[in-house]
Amino acid sequence: MDITSLQVFINVAEHRSFSLAAESMHVTQPAISKRIASLEAELNTRLFDRIGRQTLLTEAGQALLPRARRILAEVQDSRRVISNLAGEVGGRLSIGTSHHIGLHRLPEVLRAFNQRYANVELDLHFMDSEEACEAVLHGDLELAIVTLPLIPPPSLACTPVWHDKLRVVVGPDHPLHTRRSVELVALAGYPAILPAHGTFTREVIEDAFRPYDIEPQLRLSTNYLETIKMMVSIGLGWSILPASMIDEEVHALNVPGLKLQRELGVARHTERTLSNAAEAMLKLLPAAPV
């Protein structure tokens with residue numbers, strides 16, 4: 001059972017497609033099929049069922065998947081430990097970050113990292129914070145620089161870097177635009193545009209509203225804060241955005257008793273040895289303000 005075959009197996013399982021797995025690994029589909037066939041022959045069992053255009057894990061495949069991930073994680077961890085002994089900062093560094101953080105928080109950090117560590121191949125993925133944290137847990141990413149979960153799973157170590165204050169905002173044509181202050185009950189009577197259910201930012205908002213037993217009147221939802229800001233600015237509803245995004249396009253409201261803040265920072269696997277490149281990246285991130 002070689003490492004490459006396990007990597008192929010995991011890719012097919014995650015993509016649920018031989019063709020998509022081949023595309024992601026930059027190899028031909030026959031090469032993928034040959035690897036899977038060889039692995040199935042070695043284990044003397046089918047790992048996938050091909051039903052029409054669907055590729056589904058068999059019971060044996062489901063049992064193998066978490067073990068295959070652990071094996072690859074151990075191999076990668078061993079390679080990092082040995083590589084770190086040399087003290088050199090190089091190799092590949094896989095990081096996931098949200099679009100908002102990538103646009104508003106990371107440019108100077110990435111510029112400095114690229115200038116200091118030109119030998120590092122920076123593998124940067126823009127994705128939802130929740131997806132990035134899952135990728136760290138699965139061993140696909142070494143670091144996630146994202147909105148941190150309120151309650152992280154035990155295997156995810158989260159370090160705050162930025163305290164991101166959130167404000168209730170409306171557009172210039174909204175009925176509440178001229179109000180200096182608005183009660184939460186009155187605000188909830190108007191349509192809202194919020195991040196989707198299940199996102200870490202939405203959990204922060206719901207956690208802040210929960211003590212008042214008030215649920216916002218949802219009109220639209222999207223994960224992209226820039227899109228939310230645009231929809232608020234044209235009058236489609238109120239929302240909650242980072243204070244750093246407030247400008248002449250939206251107006252911040254004072255809502256007595258409502259305190260909103262999310263933590264932006266770094267998530268890493270508790271059992272994974274960080275590469276020298278990852279350690280170097282962490283040193284370039286600012287310390288979270290008290």
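Residues numbered from 1 in each chain as written. Predicted model: local features only at pLDDT ≥ 70, side-chain atom pairs only at ≥ 80, totals over all residues. Heavy atoms only, no water.

Within the structure shown, the criterion is met by 0 disulfides. The closest cysteine sulfur to the non-disulfide-bonded Cys 133 is located on Cys 158, 5.8 Å from its own sulfur. (Disulfide = S-S within 2.5 Å.)

So, about the packing of helix α1 (residues 3-15) against helix α3 (residues 29-43). When two helices pack together, their arrangement is given by the angle between their axes and by how far apart the axes lie. Running from N to C, α1 and α3 cross one another at 110°; their axes reach a closest spacing of 9 Å. Between α1 and α3, the angle falls in the class roughly perpendicular. Each of Thr 4, Ser 5, Leu 6, Val 8, Phe 9 and Val 12 in α1 lies in contact with α3, whose residues at this interface are Ile 32, Arg 35, Ile 36 and Leu 39. (Axes fitted to C-alpha atoms, helices over the stretch in contact; angles between N-to-C directions. Helix = DSSP H or I, 4+ residues; strand = E, 2+ residues; numbered from the N terminus. Parallel < 35°, antiparallel > 145°, perpendicular 65-115°, else oblique. Contact = heavy atoms within 4.5 Å.)

In this section: the packing of aromatic side chains. The description of an aromatic ring pair uses the distance of the two centres, along with the angle that the planes make with each other. Under the criterion given, the structure shown has 4 aromatic pairs. For the pair Phe 9 and Phe 48, a centre-to-centre distance of 5.5 Å together with 50° between the ring planes defines the contact as tilted. With Phe 9 in helix α1 and Phe 48 in strand β1 (residues 48-51), this pair connects stretches of sequence that are 39 residues apart. Given a relative accessible area of 0%, Phe 9 falls into the buried group. When the centroid spacing of 6.4 Å and the interplanar angle of 15° are considered together, the rings of Phe 209 and Trp 238 count as stacked. In this pair, Phe 209 sits in helix α9 (residues 200-209) while Trp 238 sits in the loop between α10 (225-233) and β9 (239-242), placing the two residues 29 residues apart along the sequence. Following the ring pairs from residue to residue traces out a cluster consisting of Phe 9, Phe 18 and Phe 48. (Phe/Tyr/Trp six-rings, centres within 6.5 Å; stacked < 30°, edge-to-face > 60°. Buried < 20%, exposed > 50% of the residue type's maximum accessible area, 1.4 Å probe, protein only.)

Counting across every chain of the model gives 12 salt bridges. In this structure, the salt-bridge partner of Arg 92 is Glu 121, at a minimum N-O distance of 2.6 Å. Residue Arg 92 is located in strand β3 (residues 91-97), and its partner Glu 121 is located in strand β4 (residues 120-126); the two are separated by 29 residues in the primary sequence. Residue Arg 202 pairs with Glu 206 through a salt bridge whose shortest N-O separation is 3.3 Å. Remark: Glu 206 and Arg 202 occur in helix α9; sequence separation between them is 4 residues, near one turn of the helix. The exposure class of Arg 202 is buried, given its relative accessible area of 6%. Of the residues examined, Glu 206 reaches a relative accessible area of 27% and is grouped as partly exposed. Connected through shared salt-bridge partners, Arg 92, Glu 121 and Asp 123 make up one network. (Salt bridge = Lys/Arg side-chain N within 4 Å of Asp/Glu carboxyl O.)

So, on to helix α2 (residues 18-25). Within α2, burial applies to Phe 18, Ala 21 and Ala 22. Buried positions in α2, seen along its axis, are confined to an arc of 100° and lie on one side of it. Structurally, α2 contributes buried residues whose contacts are with α1, α3, β1 and β2 (54-57). Downstream of α2 by a residue or two, His 26 has a phi angle that is positive, lying close to 60°. (Arc of directions from axis to C-beta.)

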